[in-house]
Every structure is written in C-alpha cells, then in structure tokens.
Amino acid sequence: MKTWFLDFWREREEVLKRTNQLRLRPPQLKRLLGDSSLRTELKNGRLASLLPPVGTEVFRSFTPASLQDITGRHEAKETERQERTNKDVRNVEKELQTQATHLEAGKPLPYILGDPPPELLNCPLEELDPFYQSEKTFIVLSEGNVLHRFNAESSCFLLSPFSGLRTFAIRILVHSWFRLFIMVTILTNCGVMMMSDLPTLSRTAEFVFSAVYMFEVIIKILSRGLCVGRLTFLRDLWNWLDLVVVITAFLPEFLDLGKFSVLRTIPRALKIIAVYPGVKSSAGALVQSVKRLAGVIIMTVLVISVLAVIGQQLFFGALRHKCVLMLLHSNWTYNDLSSYHDNGTVSSDFDFHKFINSHENQFHVSGQLDPPQCGNGSGSGVCPHGYVCLRTDTNPNHGRTNFDSFGSSLLSVFRLMTHDTWDHLLEQMMRSAGPFSLIFLLFVFFVGFFVLVLVLAGVAMALVEQEKAGVTEAKRTEEEFLHILDVMKKKEEEEEEPQDHQRLSPPCCVSVWTWNCCGCWRWIKLRINSFVMNPFFDLVIVTFLILNCVLMAMKHYPMTMEFEGWFAVTSLVFTGIFTVEMLLRLVAVDPYGYFRVGWNVFDSLIVVLSLVELGLADHEGVTGAGSDLMRVLRLARWWSTFHLLMKIIWTSVWALRNLTLILLTMVFIFTIVGVQLFQEDYSDHVCRIAVDCLLPRWHMNNLFQAFVLIFRILCGEWIESMFDCMEVSSPSVCSIFFIMVLVIGHLLVLNLFLVLLLSLVGEDLVTPKEKIKNNPMIAVDQIKTGVSWTRNWILEHIWTLVGKKNPIIPHHKVVNRKEDNKKDNLGLTSVTSVTSDQPLSESRALGSNHGLGFPVADTELELHMPEKEEEEQNQDEDNETPRNNTPEACCCDSCYRFCPFLDIDTSQGSGRVWSNFRRVCFSIAQHKYFDAFIIFIILLSSAALVLEDVHLQQRQLVQMLLNRADQVFTFIFLLEMLLKWIALGCRKYFTSVWCWLDFLILAVSLMSLTLGMLGYSELGAGLSLRTLRALRPLRALSRFQGLRLVLNTLGATCPSMWDAMLVCLLVWHIFSVLGVNLFAGKFYFCFNESGGQFLPEEVNNKSDCLLLIHENFSDVRWKNTKLHFDNMAAGYWSLLQVATFNGWLEVIYSAVDARQIESQPVYESNVYKYIYFISFIIIGCFFTSNLFITLFIKSLDQLRHKFGGKHLFMTDEQQNFSISVKKLFSTKRQSVPRPLNQCQARLFDLVTQLSFEVVMVLVICLNMVTLMVETDEQSEGKEKVLFYIHFVFIIIFLTEFLLKIIALRQHYYCDCLNVLDFVVIFTSIVGLFIPDIMESHFIHTKILPVLRLARITRIIHLVPYTRGIRRMFLAFVMSLPALFNICLLLFLLMFTFSVFGMLSFAHVKRTAMVNDMFNFETFLNSMICMFTVTAMAGWDRVLSPILNTPRDCDPDRGDCVHPTVGLVFFTSYITLSLLLVVLLYTTVVMETLNMYDTETPSDKDLQMFYKTWRRFDPDTSQIIPYSQLSDFCDALQDPLRIPKPNRIQLVHMDLPLLPGDEIHCVDVLTALTARISGEGGQTDTLTARMEERFTINNVSKMSYEPISSTLKRKQEEVAATVIQKAYRKHLLKDGGADEITAEPAGGAAAV
C-alpha cells in the first residue's frame, strides 16, 4: 500500500533541506548578471526572468522618472486589457501575469539577485517583480535583504513617494529597531497588565503605551496611506488589530467597561503575533487550517448534539435519585409517600418535599460532597439499611451534572468525550440507571474515538495542504537552480581554480588557544591525545556516568550518618573524575579544538558548576544536585535515541519557535482574560464553593494561579474548575471561557505535536542498515571479540587435553546475503519426500515448515517474510507447495551425537511402528478440527475462570463442578502437549514462543492441581498458583491470525520501543532525583483518625505529634502519604500518576503544602512548586511521548517498506474485506427508472428533486430541535404541545414514505437511508398507538426518539463541507479490520487481568473508588475496573485500597493485599494497555491518512498522463519501449508519478509485454490507477475513458497480444542468472576455467 503521507513529509524535509543550501558563488552570480548569451538561453526560466536586462543595474532608485515610466506602462496595460476584454472575455484571465512568489513582501531577496549596495538599504527602489512593474508600487529593502512593498500613490492624498516626511516614515517603519521597540513596548505592557496591585503605575503607563501605539499607527498610515490602493494601511487585516488597540485605548475615558476591559487586553497581546512576519504567517496558516477543518467541526458539533439528545432521552432526571432517611412521622404513612409519587402532594401537614431535599436526611459517603445516587432498577445502586431511594430536586456538582435539559446533556456528553473525570459520571449513571448506562458510555467512547481520528486526520491533512505549496515552490526553485547551473557549465570552457579551504594553524606561542610551545609538551600532548581518543576512554566515561546515575538513585529518606558520609565522598570522587576528564581532553586537543565541540563546552560547564557547588557546599540550600542531574544529559553524546529527544526539545524551541510562541501567547491571553473576568467574583462569592470561605486550590484570583489553572485545562481537566466558576460568576461566561480555552488550546497543542512529530519522522524515515558506531560501541565490540576469542582458545585447549576432536565450528565464510536469503527461502518452500526406511537422523533436516496447522509454522512464516524483491516468487512457490505430513526429528543434533541409541532405524521393527505413530500424531495435530477443538476448550476454561468470583464459597455445587472442569481442562491440555511432542519433536516444539507459552501455562496448572491433591491449595504457594491460572486465556493468542499479526509487529518494533522506553525512564530518573532532593521527608503529617489532619497551629512538627502519641492519644499518627518522593522508586510511582493525570492532584497538593522535613504541612505554603510538575509534564510527558510515537511510526514504516507495503495488522481475508468495502462505497448506485404511469412519474420527479430532499432535511432538523427543548420537569401544557408536534412530524414522514413508495416502487428499499426511514416511521406509529405493549414486549418508549435521530444522517449527503468527511469515513471503515485485531488483543489483555484481579483483590477493603459498583468481587465489576484503568481514569483510587497497610485494613478478614502485588499488577497493565492504545490510535490514524489519498484519478490527471505519453510516443502508436517506462513514470505528476528509483515497483506491477519489449498505454494507466486506488478502483471505466483519447487515427489495442510480463521477465532473468552461476561453478569444479574466460559477455542471455 502506498504510504503517501509519510513519504510526503520525508520528501518535504529533503526538498527544503536541499533548497536552503542553494547558493551561487560570486563569480557565477557576476556572470549570470552580465552574460547576455547565458541570459538568452535562460529567458524561459522563472528565476532568470526576474533579472533586469543585461547592462542595467539590478537595484535602481525610485525617482520621479521611474514613476512616470510606471504610469505609462500602467496606462498601456489597462488599454490592452480593455481591448482584450472586448474581443474575448474568456482569454483574459489566462493571459494575466502572476506574481513571483520569490518576491513577495516580507521575504528575503532571491539568491540570484545578490546583495544590494549598503547605500540603497531603507531607500525606495524600483520594482523587481515583472508583475508589479506595470503597477504603481515601489520596494524598500531593509536589513537582511527583506523586501517591503509600498503604494506609489500619494499617501492620504498629501504625501507623494518622494516626500521627505513619507520617506522618513518609511525608514522608521522598515528599520529593525522600530520592530524591536514595538515588541519591547508590547512585552512591557503585558508585564504591567500583570501588576494589578499598582493602579497608579498602571494608569500612568497606560498613557505611555497608548501614545506608542498611536505613533505606530501614524507611521504606518504616513508610509502606506490609509485605504486607497492595494497596499494601504486598512488593506492589511493585521493593521486592523492596531486600529482596535488604539480605539480601545481611549474607550475607558468615555465608558466604564468593567469586565469588558478584556477587549483592551486581547488585541494588545495579539500584537505579539503581528510584530514578526514569521509568527504572523504561522498564525495565518493556523487560521487556514481551521477553515479546512470546517467539515470536521460541523460533523463534531452534529455528533455531539445527537449524543446529547440521546442522553437527554435516556437519563431524564436519573441523577436526582438519592438515598433518603426513612423517618416515621405521626402525620404521614407510606400511603402518603405513594400518593406523593403519584401527584406530588401529601395529605398531612408534614413538609415531605423539604424533608427529602434536606442534606441532613440524605445518605453521604465520607470525603464526598454530593450524596451518592441510587436507583430502583436492576443493577442500580442500593441504599443502605434505613434509607429509601427517592427522587429529589438537586443534581450533583451544584446541580450542573445532569441530562435534564439539552444544554446540561450537551455538557455531560462533551465531558465524556473529553474524558474529564468521566469515571465519576459513569458511577453516577450506573447507580441511577443501572449497567445499561455502560452501553451508552461505550457508544459515546466509540463515537468520540471516531471523531478524534477525524480531527487528527483533518489537522494532519490541513498541515499537508499548507506544506504542499511550499514543497512545490521549493521543487520548482531547485529545478530552476539546477537548470541555471547546467547552462552555466555548458558555457564554461575552463575550470575554476579550486579554492584552498585549508586553514592555517596559528603560529606557536602566539595564540593563547593553542599549546605547542615545546617539544616535550607536544610529546606529552600526543600521548594524552592517543589515550583520550581510545574508544575505551569513552566507554569508561559512559560507565562512570551510569554509576553516577545509580549513585543519585540511592539517595533516600531517612539516611543514616554513615550513608550520608559515604554518599558525599562518592560524589566528590565523581566530581574529581569528570574534572580530570575535562583537563585531559583540554590538553589533548588544545583549548582551540576543545571548545569547538559543543559537547565539550557542555561538559566544561557541568564541571565548573560542580566545582562552584563544591565551594558553596557549606551554604544552606546548595545541595549539589544540579550538576549531578546535568551529568545525565551527557549520555546523549553517545546515545542516539536520547540525542533525538534533545533534538525534539530543541526543534520545538527554535525550529518551531513561531508555533510555540503562538501557543505561549494564547496561554498568556487566556491567563490575563481569566484574571480580569473572574478575579472579583472569586473574592466576593467564594463562600458559595467553600464552607470555610477560603479560596480553593484552583482559582483565578491572581495571575500565577490563573496560569496554573489554564495549564490544567490544557492537560484535559476542566469540568470541576468550570463548575466552581459557574457558581461564583456567570455560568454562560464561564462555560464559553473554559470551552474556548479547551478547544483553542488543544488545537494549538495538537498542531505543535503533529508538526514536531512529522518533521522528525520525515527527516530519516528509513534508517540505513549500517549505522556509524561511536567509541563506546566500538569498545564493546572489541570486548566481545576478545571474550569470544578467549572462550574459543580455552575450549580448544580443554578438548586437546581431553584427547577428543575439537567440536568448535570454524569461522563461516563471508557470503552474499541476498544469495543466502534465496537459499533460505528455497529451503522453506521446497518439499522433499521422506520414506519410512530412512533414519530420523537423516530426515530431520528435510522437514518443511509449510503446511502445518499449528502455531509453529505460522509464526516462522510471519517472522521470516521474504524481502520485497523476492516476495512474489516465493508466494507463488508457497501456493504450489503441498502439505507435508513428515515430522521432524525428535531431538537436536547434540542429543543424537551424545546419545546414539536415540537414532533408530525407522524402516523396520519398532522403529517403523514409532515412525507411523508419529505420522498419525502429526496428521492429527495438523487437522483443522483439532485446532478448533483446542480453541473451544480454551474458551471453556476461560469461561470457567469467570465464575470463580467472591460468591463461589456460597455455591458449593458450582465450586465442585469448576474443580472437576479444571482437572479435565488440564488433562486435555496435557494430552495436546504430549501429542505435539510426539508429532513435532521436542526440538521443534520448544523453538516456538507460542509453544513455550502453552507449556508454562500448563505447568502452572499441573503444579496447582498437585498442590491441591496434597492439601496445600490454601497455602501461599497454592493460592499463588491458582491465581496464575488467569494466564490461561493467553493460549488463544496463537490461535488467531489477526492477534499473531499484531504481536509479531509489536515484537518487530520492540528494539526501538525498548530504546525509547529507556530514554523515557532516564528523563523520569532526572525528575525523580530532583523530586527526592526537593520533597524527601516533607510529605509526612500528623493525622487524627477520628478528626482528620491537624492544623499547623495545633501540631507544628513531628515532635509535637509524637508528644500527643506519648500522651495516649491512640488515634493520632505521624503518617506519610501513599505518594511521596522519599526514595527513587516512590518518586517513579508518583511521577507515573502525574504523567497519567490520575492521582496527580494529591501529589501536587502535598508538594505545594510541604514546608521542611518533619514539619506539619501548611495549606499552599509555596505555590511555585507547581513549576516542577509543569516542567515534568512538558518534558517528561509531551516530549517523551513525541519521541515514543516518532520511533514507533518509523519502525512501522520500516516494516511496511520491508514487506512491500503490506498491511501489518490485517490478514489476507481482512484486506479483501477492506477492498470489498471500498468497492461498495465506490460503486455508484444505479439510477431508479422513471415510471411510465403519468401520476407516478410526477411523484417521481417530485421526490427526486434536490429541493424535496432539502425540505425533508429541514424537517428532520426541526424534529431534532423539538427533542432538544424537552426538559425533565416540564408542564403538562408543554408536554401536550410537544406531543402534537411529534404527531405532526409523524404525519409528514409518513406522507414522505407514501410518496416515495408510490414513486420509487420496489426500488425504495434499495437505499439504506430509505430502509432506515421506514423502520423509524413504523416504530413511531406503533409506539404512538400501543405504547404499553411496545414498552413491555418489544422496545422501551425512550428508544423511539433515539431511533428517530438516526434520520439526521441524511444531512451528510447534502452539506458540501462533509464531502471530505465521507472520504475519511470510508478510510476509517477500511481500517476497521486492523482496529478489530488490536481491540481484540486489548480485550484479551483486559480479560486476563480482570480474572487475575478477581482472584487476587476480591476481598479488598471498600474504600476510595472500590465500592459496591467498582470492585474485583465479580468478573463484570472487575472488567469495569480494568476498563477505567485502560481509559486512564480513576485507577489511582482503585489502587489506593490495595496499598493499605495493616493499620488501615484487617489481615484477619483478608482485606489486606501485599502492596507489591498491586504495584506490579497496575504498572504492567498500564504499560501494556497504554502501548496498545497508542498503537490503536497510531494505526487507525495512519491507515486513515494513507487510504484517504486512494481515489480515482480525475480528468485532469488523465490529461496530464496523455500529454506526458505524447512526449514519449510522438507517433501516437499507444506503445513505448519497456526501457523508457522508468523515465516515463518519473516524468508524470502526482498522484500517478512513481519517482526514481522505481524499477522494482514497476516489476511488481506485472505489466503485459508486447512483441519487441513494448508496453501499451492502457496497461500502464490501469496499473498506475490500481496502485493509487487499490484493486477495487474503477479501472474499467478509466480504461474506456483513456482509450477514447487514443482511438482517433490509431491502431486498436486488440491487434497486440502480450507475450510476457514485467514480473515474468524478471523471473526469467533471475533464473538465467542462477543457471549461469551454476554452470560457471560446474566448469570451475571440472577445471574449465579457460572456457569461462572465452565465454562472451552475453552468456546469460544465451543460456
């Protein structure tokens, strides 16, 4: 398959890199400007056309004479244009000249124009662009040869281009210091805006800033003019921003803006973008990308709205149900309660409504603000004893979380799609509506996944569209440059003298940077240089760096005095070692050579910092950790993957600085706007969200807290802070602000992430086979060679002393790798029949890997796929290979050598019986029914594990049946293993990873059964083995080809993924060490189990807490948080929770509250510790994930290239399904014939008109609007009105159905949308008349409106913006098989861990998130828990009870689990599931992008093909020689072009060859079309269309019959080469060297 997307980015990087290096040397430029004959040959060149005529100056001052000439040319052009318009209007636009992109305003001059004289800088010059030479414009060049273009008309009708005032204004405008002055003013203004506590200074500075902005506007107006002309002030949209800044600066003098003062803040901050052209162009590109995402945005809004209406219809008032205290009252009974439910009133004087809505009467869970929901349905939340589930008036989260209206439902659905604390909402929905809500959640997640894929693909496609123009222009520039060089080389008759680039060394003792003053010193330096340049020197340094990392990891709290002393001494030793290293390198290469290497400069800075920290060691606060952490970065010098991470960081900071600056600007704007909008509200109304009237941790009362909150929103957590904001301020303003921050911020982050990712992927997509080894790698290779030689020498002498023959295999000769691969492939595909009279030792090498029906052969075939050049031949041989039923030898060669009695004769006696028995076992193991039976047993054994939940002890019969079934399953698996041992032999069996997996799982089961029989099943070992039976479902991995494909691909990417993982761990190591230095021992606090945490005024430190404990306060504890930084491992675990945004707030809160070691925390004692976690999220999460995905995509693409573009995650059947889907969507539906009946014909014309469809879509939208306006507590009048409205819609849709069924007849049901309409109409009518019967027997009435919403899909075919969505949807559907395989593997992983969790954590104490809904007590609840962990939501609260110590749990009751088990369980599952989720998103997005381009060529492409063919076939004979095919395919344009080298791809296209080795045009077009559109492309239609262009006066193709094909010809050439080599080898063997010498060169062809 064509991986056009990655190929485009690779081509982009290569083209731009080459284009940036295009330069003409001064002599070449001088000749280009002055040689008239050279200019004559280049007259058609685009770049050369920009040059003035020979003999004239390139840069000419703009004078009144110049203006007069321009006016004349302008008038002549207008007259010519008018005459041309009067003659032929259609040809006007074709003859118009286009603007030269090289000479656009804001760009530097092209290199061919050279540098202007210094005196002409900042002065008006004549136009260089021929397009503008007849327009009234002139240019000005500023520093850096940046071009500025101005209107030559009088500015403001007063100032001519030659006015001194205007000239002065132009000089100011184009000067770099003016732009710098404006930038400094903007930054200063932003800084003043952050000083809200200095009103006097702010007001004074405001006048200064307003004056500067006014001065800038005046300068621009004076230099450009106001509005008359194409280059005037108001014609540039960015200048409107300046105008808004000036206007809003004076508005406060006349109006009290209040909160609307943000209208002044936003334009001024946006001026940061407008100052520099690069940032401004990047912002414009972002705006254009948003325009290209219009279809995706419309689709997303539509999908979220439909989901909101579905949720609204399904969960009306569901979250209002609470557990209310059952308090008996003298004036009411439960009959009164029933009457209340019926009519909302009671007969007694008791205020029942007030009673159930009182918080004191509702059940609360400790630590939660809102009472838990409950329900009266099956599977819903159950109230505790003494409470009853009743409907109240309040919803959770201050009443904001609900589905009672469309707005609230929309907010809840959007919250689910953004995955913000969705586990809380899921728990609330499950408690109120039961497990049915989980189905709705899965549906929302799937739709959200699809929408996210569309967004990612849309943003990526927008980036491609933005870059295509630049790449095309770069290609044209490169072609023109090469053309210029070729013409100049032809003109040159004598070569230029080579320039001597050798640099002379400075004289001895003259320069202080070179030390070569005496012979003795030079001798010493030479010896030191040899020592330093030795590869082992670098290896020793790397070893010391690793040891330094290990030393840093050993720091912990508390440390003994002895350990602290040893730690300090060791740190001094490392400081001394690296100081000596620096001095040795400095002496070896001199300071001049040392400081020319960037890494040496970095090393010296670290050494200097270490020495400074050593000198300041006695000062408080200086720990020396800074230099130690920076030493870790030195590993990037020798570690390429770590170096790539640093390159990613540098690329984002420098190469993508414009996009990064835009992101930072938007964050600053949102921060300032948030403070100005909500600062007063948080101060005045804080009591609404806090009982103690203290500001919460997340607020916008000051600038830093607002910045932290904006960063949290960018991390994906926004809903809780928005709920607080909506309580203290206007809900509409808060919702708009938070959603804008979320959408705009994520869009910018996504753009930055994708651009950074693609720029790095495109640089080196296919890595070379042999990488340059650095010194440590060379040293390691030398060590390996020495160890191998020593081992061989020792073994050789030992065998010599023993007196036996040396068994060591001699060194292999170097052979051709391709020939070796061919031999291996032939060995795999050849079949040798083995008779029964051969010994096993002779037949053991003759077995074939093909034809086996069990995992061994399949795995080897997939892991040893042939190379791209030989794949087709090997596949043909594989298809012709019969099934081999000959088993291989039982044992390996060494067994037969040391035990000769095993090598029996199978031709007679017992050996023959044994051989026949093995053949029978082999046939059984190969049979498909045997595999099906084993799969069935695996599924049964997995289902049996599901039943072993916490309730199994109460079901004795089920437990007995499960025990017996476990024995039966184990016995069957044992028989299977024995059967395969006999059939395959032990050697073959244990060479498969899958067989090893089966063997280990079976061994666990056997040991578990053995311990059970011995009565030790309840002991620790027995319980552990029974728990390990949860691995039994993994046996299914080898039985499904799709799963094996995914696992094999993951296995092939493991090396690069492991390297990336090590780099990520190293980065986390740096932050973990920093965390240990900052927070070790500071998270402890004094805690009262009955009253909570003590205040600092009550307990100040550990001593005060121990004093309370000593005074017999048994409930008081000095305890540590579960997440801390007391040691390296704990730091890693805390950072994992920060990286996954689960439990990260608790870690941050502990760090912000921490003071000193063994001191009681104080609320937000140091809020600036947020910076540590922000830095980790940016570097340790954003950049490392970018690195991980970059290497992952590179690995996948390398595999794709290696295997000829095959799908890595689809089987052959799935690929056929994908092609069939494309055929189904690509095939145009046949038009319905118009009926003959006159009445039917008129109805047919009516229902087939576009206007009729538009009207029906509008009716559908109105129907959706009526569903939106429904609310939970609506009046009876409103319900009646809505009922009649729905009835009217039913009548309209029924009328539409009758009209269409009459007009279209039986063809009505050929359209799936019509079938959908019929189902909706039928269910709506039935539900309207018999709702009770429908609800009780068929479908719930709430589902009917949901079905009605399915009609909204008809809008997709009418909205023009959704055309690209339909294409991406098709690509997404075609990638569903790959999605299914990955999801199946993820489900199997989730299933296995769910069973393991159920067997290990079923009795965990119910705290935190482990409750009656989320637990490991049953398999369903365990799956729900693992699903939340997979989605990275709430797993910290699931893990928290597992980490309880005996003080927090009761071992006697069995609710204590060893914390290590929980940590290993969750860490392994999070790592594996995260890898699969990343694989899922990456695969689907890449498949969608790759398939997005697979479309049928347009008429324009066919015209291009025709014109290119005419160049190679001037006689229009429809055929060209096969030798020209490579040049022809390279000469085409995208999407049909195949760039060189393309011969291998052309061979695999298998084109028919005509007599004389010629190719027909239609065959080439058909093959190229199938290449870009797949096998399902409409090649027949294209063939017909193409033949129409060649049929006039041409010979028909039917007269040509192919005699061969390109693939067959290649096979013949390969076969001839093999025969020739064999023949020569035979002649050499027989001593016929003379004959070979006399053989002609065309011998191969003769053969």
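Residues numbered from 1 in each chain as written. Predicted model: local features only at pLDDT ≥ 70, side-chain atom pairs only at ≥ 80, totals over all residues. Heavy atoms only, no water.

Undergrad: Could you clarify how one ought to interpret the environment of Leu-113 in this entry?
TA: Along the chain, the position of Leu-113 falls in the loop between α5 (92-95) and β1 (124-125). Of the residues examined, Leu-113 reaches a relative accessible area of 3% and is grouped as buried. Residues Leu-113 and Leu-32 lie 81 residues apart in sequence; the distance between their C-alpha atoms is 9.5 Å. (Helix = DSSP H or I, 4+ residues; strand = E, 2+ residues; numbered from the N terminus. Buried < 20%, exposed > 50% of the residue type's maximum accessible area, 1.4 Å probe, protein only.)

Undergrad: Just checking my understanding: could you explain the confidence of the model for the protein chain for this structure?
TA: The predicted coordinates ought not to be read in detail in places where the model reports low pLDDT. Within the protein chain, residue pLDDT values average 79, and 80% of them lie at 70 or more. Mean pLDDT values over the elements of the protein chain span from 33, in helix α65 (residues 1643-1646), up to 94, in helix α26 (residues 703-714). A low-confidence stretch, residues 88-96 (pLDDT under 50), is modelled with 5 contacts involving residues beyond four sequence positions or located in other chains. The model gives residues 1590-1599 a pLDDT under 50, and that stretch makes 13 contacts with residues more than four places away or in other chains. (pLDDT = per-residue confidence, 0-100. Contact = heavy atoms within 4.5 Å.)

Undergrad: Help me understand the packing of aromatic side chains in this model?
TA: Geometrically, a pair of aromatic rings is defined through the distance of the ring centres and the angle of the planes. Inspection of every chain in the model, using the stated rule, returns 78 aromatic pairs. A centroid spacing of 5.9 Å and a plane angle of 85° characterise the contact between Tyr-1309 and Phe-1318, whose relative ring orientation is edge-to-face. Overall, Phe-1318 belongs to the partly exposed group, its relative accessible area being 30%. Between the aromatic rings of Phe-1318 and Phe-1322, the centroid separation amounts to 6.3 Å while the plane-to-plane angle is 25°, which identifies the pairing as stacked. Note that Phe-1318 and Phe-1322 are positioned in helix α50 (residues 1312-1329) at a spacing of 4 residues, about one turn of the helix. When the ring centre of Tyr-132 is taken as origin, the NZ or CZ atom of Arg-149, which lies over that ring, is 4.1 Å away. It is Arg-697 that lies over the ring of Tyr-1149; its NZ or CZ is 4.3 Å from the centre. (Phe/Tyr/Trp six-rings, centres within 6.5 Å; stacked < 30°, edge-to-face > 60°. Lys NZ or Arg CZ within 6 Å of the ring centre and 35° of its normal.)

Undergrad: What am I meant to see in the sheet that holds strand β6 (residues 1085-1088) here?
TA: Remark on secondary structure: sheet strands pair via backbone hydrogen bonds, oriented parallel or antiparallel. What the 3 strands build is an open sheet, ordered β7-β6-β8; its pairing is antiparallel. On the outer flanks of this sheet lie β7 (1092-1093) and β8 (1116-1119), each paired with one strand and no other. (Pairing = 2+ DSSP bridges.)

Undergrad: Please explain the pattern of salt bridges as it appears in this structure.
TA: Should the charged atoms of two oppositely charged side chains come close, the side chains can pair. Tallying each qualifying case throughout the model produces 48 salt bridges. The shortest N-O distance in the salt bridge between Arg-12 and Glu-467 comes to 2.9 Å. Taken as a pair, Arg-12 in helix α1 (residues 4-20) and Glu-467 in helix α18 (residues 436-491) lie far apart in primary sequence, 455 residues in all. Put simply, Glu-104 and Lys-107 hold a salt bridge, and the shortest N to O gap is 3.4 Å. (Salt bridge = Lys/Arg side-chain N within 4 Å of Asp/Glu carboxyl O.)

Undergrad: Please clarify how the nonpolar core should be interpreted in this entry.
TA: Side chains of a nonpolar character, in soluble globular proteins, are inclined to be buried together. Among the nonpolar cores identified, the biggest contains 297 residues, and Phe-737 and Phe-1466 are the most heavily contacted of them. Element by element, the count of residues in this core is highest for α18, at 19 residues. Other than its neighbours up to four places away in sequence, Phe-737 contacts Phe-670, Val-673, Gly-674, Leu-677, Phe-678, Met-700 and Ile-710. (Core = buried A, V, L, I, M, F, W, Y, C linked by side-chain atoms within 4.5 Å.)

Undergrad: Sorry if this is basic, but what is going on with unusual backbone geometry here?
TA: Both trends apply: most residues other than glycine have a negative phi, and most peptide bonds are in trans. Residue Tyr-557 is joined to Pro-558 through a cis peptide bond whose omega torsion reads -5°. Among the secondary structure elements, Pro-558 is positioned in the loop between α20 (535-553) and α21 (561-594). For Asn-145, which is not glycine, the phi dihedral falls at a positive 55°. Within the secondary structure layout, Asn-145 lies in the loop between β2 (137-142) and β3 (146-151). Phi is positive for Phe-157, which is not a glycine, with a value near 60°. As for its placement among the helices and strands, Phe-157 is situated in the loop between β3 and α6 (164-174).

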